[in-house]
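Next come the chains, spelled out residue by residue.
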Amino acid sequence: MNATEIETATAEALSDVEAAQTVDAVEAVRIKYLGRKGLLPTVMKGLKALTPEERGPAGRAANTFKQSLNSALGERLAGMQDGDVVESNLSPFDATLPGQWRGIGSQHPISTIIRETVVIFARLGFTVAEGPDIETGYNNFDALNTPEHHPSKDELDTFWFENGDLLRTQTSPVQIRTMKSTPPPLSIITPGRCYRRDTMDATHSANFHQIEGLYVATDVSLADLKGALAYFAREMMGPDVGVRFRPHFFPFTEPSVECDFTCHVCAGKGCRVCKGSGWIEIAGAGMVDPRVFEHVGYDPEVVSGYAFGMGVERIAMVKYGVPDIRMLYENDLRFLHQFA
Ligand code: DAH
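The following paragraphs examine the structure supplied in this document.

The rules behind these values
- Sequence positions are assigned chain by chain, starting from 1 and proceeding in written order.
- It should be noted that, the model being predicted, local features are given only for residues of pLDDT at least 70 and side-chain atom pairs only at 80 or more, the latter also being counted only at that level, while totals for whole chains, interfaces and linings use all residues.
- Derived side-chain values reflect all non-hydrogen atoms in the structure, with water molecules and hydrogen atoms excluded from consideration.
- One heavy atom within 4 Å of a molecule or strand makes the whole residue count as near it.
- We call two N or O atoms a polar contact when they sit within 3.5 Å, provided that within protein one can donate a hydrogen and the other can accept it, with sequence-adjacent residues counted only if both atoms are side-chain atoms.
- Each accessible area is a Shrake-Rupley estimate made with a 1.4 Å probe; only the visible protein chains count as cover when residues are assessed.
- Note on definitions: the grid is 1 Å and covers protein atoms alone; a cavity is a set of points where a 1.4 Å probe fits but cannot get out; a pocket is an open set with protein on both sides within 12 Å along at least five of seven lines; lining residues have an atom within 4 Å of a point.
- Here the criterion for a molecule occupying a pocket or cavity is that more than half of its atoms lie within 2 Å of the pocket grid points.
- To qualify as a helix, a DSSP run of H or I must reach at least 4 residues; to qualify as a strand, a run of E must reach at least 2; elements of each kind are numbered from the N terminus.
- Throughout this entry, Asp, Glu, Lys and Arg are counted as charged residues, while Ala, Val, Leu, Ile, Met, Phe, Trp, Tyr, Cys and Pro are counted as nonpolar. The remaining residues, Gly among them, count as polar.
- Aromatic pairs are defined between Phe, Tyr and Trp rings, using the six-membered ring for Trp, whenever the two ring centres lie within 6.5 Å; interplanar angles under 30 degrees are classed as stacked, those over 60 as edge-to-face, and all others as tilted.
- Grid points are joined across faces, edges and corners, and a volume is the space filled by probe spheres set on the points.
- Pairs of residues are marked as contacts when any of their non-hydrogen atoms sit within 4.5 Å.
- For two strands to count as paired, DSSP must find a minimum of two bridges between them.
- Between N-to-C directions, angles span 0 to 180 degrees; the directions come from axes that are lines fitted to C-alpha atoms, helices contributing only their stretch in contact.

Another aspect to go through is the site of the ligand. If you check the shell around the ligand, you find 15 residues, and the closest are Gln170, Ser172, Arg196, Gln210 and Glu212. Between the ligand and Gln170 there is a distance of 2.7 Å, counted from a nitrogen atom to a side-chain nitrogen or oxygen. One nitrogen or oxygen atom from the main chain of Ala307 is found 3.1 Å from an oxygen atom belonging to the ligand. Taking 360 Å² as the accessible area of the ligand by itself, protein coverage stands at 90%. If you map the ligand onto the pockets, it falls in the largest pocket. Listing elements by their share of the shell around the ligand, those giving two or more residues are β5 (207–217), β8 (279–288) and β9 (304–311). Residues that form the shell around the ligand fall into these classes: five nonpolar, eight polar and two charged.

Here it is in structure tokens:
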């Protein structure tokens, strides 16, 4: 091949590189022209057959062919996916190219509410206690003074295992575990997952989160409970939040209350989120029933205490104005990135 023919071959090779769409295709072009049985070795061997006048220009054209083809192959690969390039033995890694931005994850709003709650109660001297998701029926119900006929024990409401254990329906059994292993006084906060056989809708999920609180000392009164929950409400929702307590019933507290915060979305005026009432139910609470103390070996004549349990999703929905609980579980980054 003389110089002109080599130049024509160069142009052809470069357009082959441009046409290659995959790493494999680029490699095939390399083999076709630069491989052991490719065009370049043939050209080099052919130089000997040329006249001395032709040989110089042809040699230079062969060099240009080799260099321009090599750099075109490298550039073509660099434009392709990282993963593909690694497979190539040309390895055209260019440290000066900008990296591929993969984004940094952010804390899930459920985790944010749990952490903020733990920090708020830590200021009141509470420490975190945890328990397992699989509980005994005794810890989840019996030790919490729940009678045999109580509807929450029904198979339709609770996920039971054949051996009598269950997926805990509330974080309250951690009260039992902690009191059994620790003498009074104590003040604990217990975040965790709970499970109920609920059908999923805008406000229900079979798997959700609660935060339990337990305070046991001497001469504890309902006023202490109200003070702690009102403090929590202001720290979590802001100074303007209203708090109210309504009489209620729980087997493990006497007296029992439910605690409502004014609706964060309408500031108590009444809207769709609070179903027009201006209030949102946040927690169940009360003074620990003496029978619970007896189950764990505390003397109800000596100690007294309060307990509460609140829904984490409920707080997140009210605080961030999330209209549907499912949004918290769907892992849709368009939703989650709003909390980054
Ligand atoms: N465990 C209750 C529930 O899931 C909430 C609750 C009510 C927790 C009163 C308490 C309490 O600690 O004292 O509905």
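Resuming the write-up.
Moving on to the packing of aromatic side chains. Both the distance between ring centres and the angle between the ring planes are used here to describe each pair of aromatic rings. Under the criterion given, the structure shown has 13 aromatic pairs. What links up through ring pairs into an aromatic cluster is the set Phe121, Phe126, Tyr215, Phe232, Phe261, Tyr306 and Phe308.

Gaps left between atoms show up when a probe the size of a water molecule is rolled over them. Put simply, the largest pocket is a space of about 1100 Å³. Taken together, 43 residues line the largest pocket, and the ones lying closest to its centre are Thr169, Arg196, Phe208, Gln210 and Glu281. Put simply, the parts of the chain that give the lining of the largest pocket at least two residues each are β5, β6 (243–250), β7 (253–262), β8, β9 and α11 (312–320). For the lining of the largest pocket, a count of residues per class yields 15 nonpolar, 19 polar and nine charged.

Residue position: Glu313 is located in helix α11. Not counting chain neighbours up to four residues away, the residues in contact with Glu313 comprise Ile110, Phe208, His209, Ile325, Leu328 and Tyr329.

Another point: the sheet that holds β6. Strand order in the open sheet made by the seven strands is β1-β4-β5-β9-β8-β7-β6, with mixed pairing throughout. Each of the sheet's edge strands pairs with one partner strand only, and the pair in question is β1 (127–128) and β6. Sheet topology places β8 next to β9; five bridges connect them, and they run antiparallel. In the sheet register, Gly286 faces β9, and the bridge partner there is Ala307. Relative to the sheet, helix α6 (residues 109–122) contacts β1, β4 (186–195), β5 and β9, its axis offset from that of β4 by approximately 170°.

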